[in-house]
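What follows is the residue order along each chain.
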Amino acid sequence: MAKSLLIISRQSPWSGPGAREALDIVLAGGAFDLPIGLLFLDDGVLQLAAGQNAKALQQKDLSANLQALPMFGVEELFYCADSASVRGLSNRSLEEAQPLGAEQITALIDRYDQVITL
């Protein structure tokens, strides 16, 4: 039986390669039917904000990768509600992901066999 994997993405979509690398790992794991989840934490929640203009920052848009996750069987998407609140994001402004509090995040991490933080 395949071990489950949780990817924790902590970087904003424009601060470096970490956000893209996290999504690439999740997509690859999903392609191989690995039980995989993705948690957006700290500045990583900014990846979920709607209406981003990546071209203005001369960056590649990550929204297509996020939208492709269900096609790869990745449906375990979560974000830290506190991180979103601190950054002025409301539940309505975020993509399809489940908000979690601190205790729920701890329980989520414990549920997975392997955890990678980027």
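What counts and what doesn't
Residues numbered from 1 in each chain as written. Predicted model: local features only at pLDDT ≥ 70, side-chain atom pairs only at ≥ 80, totals over all residues. Heavy atoms only, no water. Helix = DSSP H or I, 4+ residues; strand = E, 2+ residues; numbered from the N terminus. Buried < 20%, exposed > 50% of the residue type's maximum accessible area, 1.4 Å probe, protein only. Areas by Shrake-Rupley, 256 points an atom, 1.4 Å probe, with all protein chains shown as cover. Salt bridge = Lys/Arg side-chain N within 4 Å of Asp/Glu carboxyl O. Core = buried A, V, L, I, M, F, W, Y, C linked by side-chain atoms within 4.5 Å. Contact = heavy atoms within 4.5 Å. Pairing = 2+ DSSP bridges. Axes fitted to C-alpha atoms, helices over the stretch in contact; angles between N-to-C directions. Polar contact = N/O pair within 3.5 Å; in protein donor to acceptor, adjacent residues only side chain to side chain.

*Asks:* For the overall build of the chain, give the residues involved together with the corresponding values.
*Replies:* For the chain, the helix and strand inventory stands at four helices and five strands. A buried classification covers 41% of the 118 residues belonging to the chain. If you sum the accessible surface of the chain, you get close to 6,800 Å²; carbon and sulfur atoms cover 51% of it.

*Asks:* Explain the pattern of salt bridges residue by residue, including any values.
*Replies:* One pass over the full model with this rule turns up three salt bridges. Between Arg10 and Asp42 there is a salt bridge, with its nearest N and O atoms 2.2 Å apart. With Arg10 in the loop between strand S1 (5–9) and helix H1 (18–31) and Asp42 in the loop between strand S2 (36–40) and helix H2 (63–68), this pair connects stretches of sequence that are 32 residues apart. On the basis of relative accessibility, which here comes to 23%, the residue Asp42 falls in the partly exposed class. Two residues, Glu76 and Arg111, come together in a salt bridge whose shortest N-O distance is 2.5 Å. Residue Glu76 is located in strand S3 (residues 76–80), and its partner Arg111 is located in helix H4 (residues 102–111); the two are separated by 35 residues in the primary sequence. Of the residues examined, Glu76 reaches a relative accessible area of 31% and is grouped as partly exposed. Residue classification places Arg111 among the partly exposed residues on the basis of a relative accessible area of 48%.

*Asks:* Describe the nonpolar core, and please don't skip the residues or the numbers.
*Replies:* Counting 24 residues, the largest nonpolar core has Ile7, Val26, Leu38, Phe40, Leu69 and Tyr79 as the members making the most contacts within it. Elements with a contribution of two residues or more to this core: S1, H1, S2, H2 and S3. Sorting elements by how many residues they give to this core places H1 first, with five residues. Not counting residues within four places of it along the chain, the set of residues in contact with Val26 comprises Ile7, Ile36, Leu38, Leu69 and Val74. Counting residues in hydrophobic clusters, the runner-up holds ten residues, among them Leu41, Leu100, Ile105 and Leu108.

*Asks:* Describe the sheet that holds S2, and please don't skip the residues or the numbers.
*Replies:* Pairing is parallel in the open sheet, where five strands are placed in the order S4-S3-S2-S1-S5. Only two strands of the sheet have a single partner each, and these edge strands are strand S4 (98–100) and strand S5 (114–117). The mean angle between the axes of side-by-side strands here comes to 25°, regardless of whether they run parallel or antiparallel. With five bridges joining them, S1 and S2 adopt parallel strand pairing. Each bridged residue has a counterpart across the sheet, and for Ser9 the counterpart in S2 is Phe40. Contacts from H4 reach S1, S2, S3, S4 and S5, with the element oriented near 110° to S4.

*Asks:* Go over the side chain of Gln47 with me, naming the residues and quoting the values.
*Replies:* With respect to the secondary-structure elements, Gln47 resides in the loop between S2 and H2. A distance of 2.9 Å separates a polar side-chain atom of Gln47 from the backbone oxygen of Gln11.

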